[in-house]
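What follows is the residue order along each chain.
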Amino acid sequence: MLKFVAPLCALALTATSAAAEWRGWNIHVPDYPVSLGMDKFGELLDERTEGRITARTYHSGILGDQPDAIEQVRLGGIDFAVFNLGPMGPIVEATNVVSLPFIFKDLDHMHRVMDGPIGEEISAAMEQEGLVALAWYDSGSRSFYNTKHPILEPQDLTGMKMRVMNNELFVGMVEALGGNATPMAFGEVYQSLKTGVVDGAENNWPSYESTNHYEVAGYYSATNHLIIPECLCINADLYNGLSAEDQEIVKQAARESATLQRQLWAERSAESQKKVEAAGVKFNEVTDKAAFQKAMEPVYARFLEEHPSLETLIDEIKATD
Ligand code: BDP
């Protein structure tokens, strides 16, 4: 009798683990570059593990807002996600360096930094907090948009109520420009712009477009003040519990999904800009970027006071060609 029990138990266990599906959190709508990248990650995993690992992403923020989702992935309530490193700052101190305004010269500079040793150092800090960064996704550069008037110089933000992501650094950034900052969940911004709870916000072209914020805040001013990478992250215990072979499959699938996401990102950015301009958005370039950069000096000074150990990392980013 016992002879039969053991194989039956083994079978039952295999059946249960085969049925387990990793759950992924994503804030964006299903046709967004991040979403398509995450779907690709799931497809590749399924294919390469012959269905032993399946990963399904829940798009459109249905599993909650970003700060909560970061906690959930750390705790293992959600298995994986794509997070912007902006709201990661309150949890993983080192990630704040990429949220400093104008820290990167352009998107390519950000890639060179994140795909090299500095990216690895940031990953190591994240792992200490229970998150393994499998690959870096693109999020372009963020600029201010609002319901009132074009932003040409810092003074144009005086007294404006601006929504920012959840990180004190962004509050300081807006205050240094003379505005009032309100940290708020992404999903609440449309209504807040519409009802005047805030006068503006800041984001890249695809987010401005896909959320329809452009319909209610029709001035977009190219300050390009933030270039923040996003990570495809997985719960550290889940990842560390995999065989070396499966870890390699997961890493490789994540990297390939990031290559796709970066391509799609470039295409979608151009399309989104075209779409909102055709819809009547008033876009302006900002010629005097130096004035905005100068206004950030107290933000950097305060940051260094609060995070003295990050000075070297900042210098290394600046010194990366
Ligand atoms: C988008 C990011 C997303 C953020 C959102 C925001 O991709 O992760 O939640 O901005 O502003 O660009 O909250």
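Bear in mind the structure is a predicted one, so any value in this text is a computation, not a measurement.

Considering all chains together, one arrives at 11 aromatic pairs under this definition. Relative to W265, the ring of Y32 lies with its centre 5.9 Å away and its plane at 65°, an arrangement referred to as edge-to-face. Residue Y32 is found in the loop between strand 1 (21-25) and helix 2 (33-48), and its partner W265 is found in helix 11 (residues 244-278); the two are separated by 233 residues along the sequence. For W265, a relative accessible area of 3% corresponds to the buried category. Grouped by ring-pair contacts, the aromatic residues Y145, W205, Y208, Y214, Y220 and F283 constitute a single cluster.

Bringing the side chain of T95 into the picture now. Looking at the secondary structure, you find T95 in the loop between strand 3 (80-84) and helix 4 (107-114). The exposure class assigned to T95 is buried, which follows from its relative accessible area of 0%. Filtering out sequence-adjacent residues up to four positions away, T95 remains in contact with L85, M88, G89, I122 and M126.

This part covers the confidence of the model for the protein. Averaged over every residue, the pLDDT of the protein is 94; residues scoring 70 or more account for 94%. Note on residues 1-17: pLDDT is under 50 here. Beyond four places in sequence and across chains, it has 1 contact.

This part takes up a negative patch on the surface. Together, E121, E311, D315 and E316 give the surface a local cluster of negative charge. Examining the composition of the negative patch, we find that 3 residues originate from one element, helix 14 (residues 311-319), more than from any other. Take E316: it is sitting in helix 14. The class of E316 is partly exposed, set by a relative accessible area of 35%.

Here the focus is the environment of R56. Along the chain, the position of R56 falls in strand 2 (residues 54-58). Overall, the relative accessible area of 43% leaves R56 in the partly exposed class. For R56, the residues in contact, after removing those within four places along its chain, are E21, W22, R23, G24 and F80. Among the polar contacts listed, one links the side chain of R56 to the side chain of Y58, at a separation of 3.5 Å.

About the cut-offs
- Residues numbered from 1 in each chain as written.
- Predicted model: local features only at pLDDT ≥ 70, side-chain atom pairs only at ≥ 80, totals over all residues.
- Heavy atoms only, no water.
- Phe/Tyr/Trp six-rings, centres within 6.5 Å; stacked < 30°, edge-to-face > 60°.
- Helix = DSSP H or I, 4+ residues; strand = E, 2+ residues; numbered from the N terminus.
- Buried < 20%, exposed > 50% of the residue type's maximum accessible area, 1.4 Å probe, protein only.
- Contact = heavy atoms within 4.5 Å.
- pLDDT = per-residue confidence, 0-100.
- Patch = residues over 30% accessible without salt bridge, like charges linked within 9 Å, V, L, I, M, F, W, Y side chains within 5 Å.
- Areas by Shrake-Rupley, 256 points an atom, 1.4 Å probe, with all protein chains shown as cover.
- Salt bridge = Lys/Arg side-chain N within 4 Å of Asp/Glu carboxyl O.
- Lys, Arg positive; Asp, Glu negative; His and termini not counted.
- Charge placed at Lys NZ, Arg CZ, Asp CG, Glu CD.
- Polar contact = N/O pair within 3.5 Å; in protein donor to acceptor, adjacent residues only side chain to side chain.

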